[in-house]
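# Architecture at a glance
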Amino acid sequence: MTNCQHCQKPMKPIAANLLCASCRENYWALIRQLGHVQLPALSSIMLKQAHIGATGHAPSRGSAPMPIDTHAQALITDSEAWLAEQAGKIRSAYAGYGWRKAWLAILSNRHTILDMPTAADDYAALEHISRRNEAALTPEDELIILGTCPTCRHQLTGTPDAESVTCQHCRSEWAAPAIKAARDQRLWQVQITGTPSDAAKELKRYGLTISRNLISQWLRRGKLHATPTKHKRQYTFNLGELAALLDCHR
Ligand SMILES: [Zn+2]
Ligand SMILES: [Zn+2]
């Protein structure tokens, strides 16, 4: 037995094959997605941004919210470089191809790509690229605050079910559950003054879904120790307490 060079699970040794069957599948799916979905979508963001810049108009109402990312061009460059590098490994002349041709060359050389001695590293690099692309392509209102980067203290955002997160500032990579756990601890130091609906909205930014009715109910029953203010229906809430109650309620 040997270990898959990507997921480290033991696997039957297959000649010149460093990735297990499921990693090969996933790797291939990422390659397909890169050229089929991500690069075209990033290119269209670039075009839209160029257009908005040129006219000075905000995007019209009803159009999808602008994704967070202003580095679409950097993401495209990284994605294209990855494709060119892989294509160049198939045949050195392919390295000069534009991304679409490089991608098609890769697709028609599945075995060469998957059996490449560098496949494990190439897959890891692509995973990283793909995750950043994915984050940039997710509309901002679907992103939540996962927590704070332990290295540079910048805010880390991502999709609610993200397993890992890359800091857009210092590029370090973290396991999302640990980042979220640290965030939930820090929520005890965060207070918000407002109505139950304000508190519910604030929690939603952290991916914690709660209805304002439930918060009102907890207030009435004395389960929640929010401090009333002199304004009607306004309280000072502790977000940590709300998050903890929500956790018990689930
Ligand atoms: Zn594997
Ligand atoms: Zn950072």
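Our structure's up above, just so we're on the same page.
Residues numbered from 1 in each chain as written. Chains lettered and ligands numbered in written order. Predicted model: local features only at pLDDT ≥ 70, side-chain atom pairs only at ≥ 80, totals over all residues. Heavy atoms only, no water.

## Observations concerning the environment of Trp 82
Relative to the assigned elements, Trp 82 resides in helix H2 (residues 72–90). Among the residues examined, Trp 82 registers a relative accessible area of 4% and is labelled buried. Each C-alpha atom, one on Trp 82 and one on Leu 126, is 7.3 Å from the other, the two residues being 44 residues apart in sequence. (Helix = DSSP H or I, 4+ residues; strand = E, 2+ residues; numbered from the N terminus. Buried < 20%, exposed > 50% of the residue type's maximum accessible area, 1.4 Å probe, protein only.)

## Examining the sheet that holds strand E8 (residues 227–228)
Strands belonging to one sheet form pairs held by backbone hydrogen bonds; the direction of such a pair is parallel or antiparallel. Within the open sheet, the three strands sit side by side as E7-E9-E8. Their pairing is antiparallel. Every other strand in the sheet has two partners, leaving strand E7 (191–194) and E8 as the edge strands with one partner each. Direction of pairing for E7 relative to strand E9 (residues 235–238): antiparallel, over a ladder of four bridges. Looking at the pairing, Thr 193 lines up with Thr 236 of E9. Its contacts with the sheet put helix H7 (residues 196–204) on E7 and E9, and the angle it makes with E7 is roughly 140°. Its contacts with the sheet put helix H9 (residues 239–249) on E7 and E9, and the angle it makes with E9 is roughly 65°. (Pairing = 2+ DSSP bridges. Contact = heavy atoms within 4.5 Å. Axes fitted to C-alpha atoms, helices over the stretch in contact; angles between N-to-C directions.)

## As for the coordination of the zinc ion (ligand 2)
Those protein atoms acting as donors to the zinc ion (ligand 2) are Cys 149 (SG), Cys 152 (SG), Cys 167 (SG) and Cys 170 (SG), and they sit at 2.2 to 2.3 Å. With four donor atoms in place around the zinc ion (ligand 2) and angles of 103 to 118° between them, the coordination shape is tetrahedral. Residue class for Cys 167 comes out buried when judged on its relative accessible area of 0%. (Donors = N, O, S within 2.8 Å, 3.2 Å for Na, K, Ca; no water. Tetrahedral: all angles 85-135°; square planar, octahedral: opposite > 155°, others 65-115°.)

## Considering the environment of Cys 7
Mapped onto the secondary structure, Cys 7 falls in the loop between strand E1 (2–3) and strand E2 (10–11). Residue class for Cys 7 comes out partly exposed when judged on its relative accessible area of 28%. Placed 13 residues apart in sequence, Cys 7 and Cys 20 show a C-alpha to C-alpha distance of 8.1 Å. If we ignore the near neighbours within four places in the chain, the residues touching Cys 7 are Cys 20 and Cys 23.

## Section: the pattern of salt bridges
Applying the stated criterion to the full structure yields eight salt bridges. In this structure, Asp 115 and Arg 24 form a salt bridge, with 2.9 Å as the shortest nitrogen-oxygen distance. Of this pair, Asp 115 sits in the loop between helix H4 (110–114) and helix H5 (119–137) while Arg 24 sits in helix H1 (residues 21–55); the two residues are 91 residues apart in sequence, bridging distant segments of the chain. On the accessibility criterion, Arg 24 (14% relative accessible area) is buried. In this structure, the salt-bridge partner of Asp 184 is Arg 183, at a minimum N-O distance of 3.0 Å. The network of salt bridges with shared partners includes Glu 85, Lys 89 and Asp 122. (Salt bridge = Lys/Arg side-chain N within 4 Å of Asp/Glu carboxyl O.)

## Quick notes on the coordination of the zinc ion (ligand 1)
Here the zinc ion (ligand 1) is held by the protein donor atoms Cys 4 (SG), Cys 7 (SG), Cys 20 (SG) and Cys 23 (SG), which lie 2.3 Å from it. Bound by four donor atoms, the zinc ion (ligand 1) shows angles of 108 to 113° at the metal and therefore tetrahedral coordination geometry. Coordination of the zinc ion (ligand 1) draws on donor residues from a single chain, spaced C-x2-C-x12-C-x2-C in sequence. In this pair, Cys 4 is assigned in the loop between E1 and E2 and Cys 20 in the loop between E2 and H1, connecting sequence segments 16 residues apart.

## Topic: the packing of aromatic side chains
If you walk through the whole model with that rule in mind, you get four aromatic pairs. The side chain of Lys 101 reaches across the aromatic face of Tyr 97, ending 4.4 Å from its centre. (Phe/Tyr/Trp six-rings, centres within 6.5 Å; stacked < 30°, edge-to-face > 60°. Lys NZ or Arg CZ within 6 Å of the ring centre and 35° of its normal.)

## A short note on H7
Inspection of H7 places Pro 196, Ala 199, Ala 200, Glu 202 and Leu 203 among the buried residues, and these make up the whole buried set. Each buried residue of H7 lies within a common arc of 160° when the element is viewed along its axis, so the set occupies one face. Of the exposed residues in H7, those oriented more than 90 degrees away from the buried face are Lys 201 and Lys 204. On the buried face of H7, the contacting elements are E7, helix H8 (212–220), E9 and H9. (Arc of directions from axis to C-beta.)

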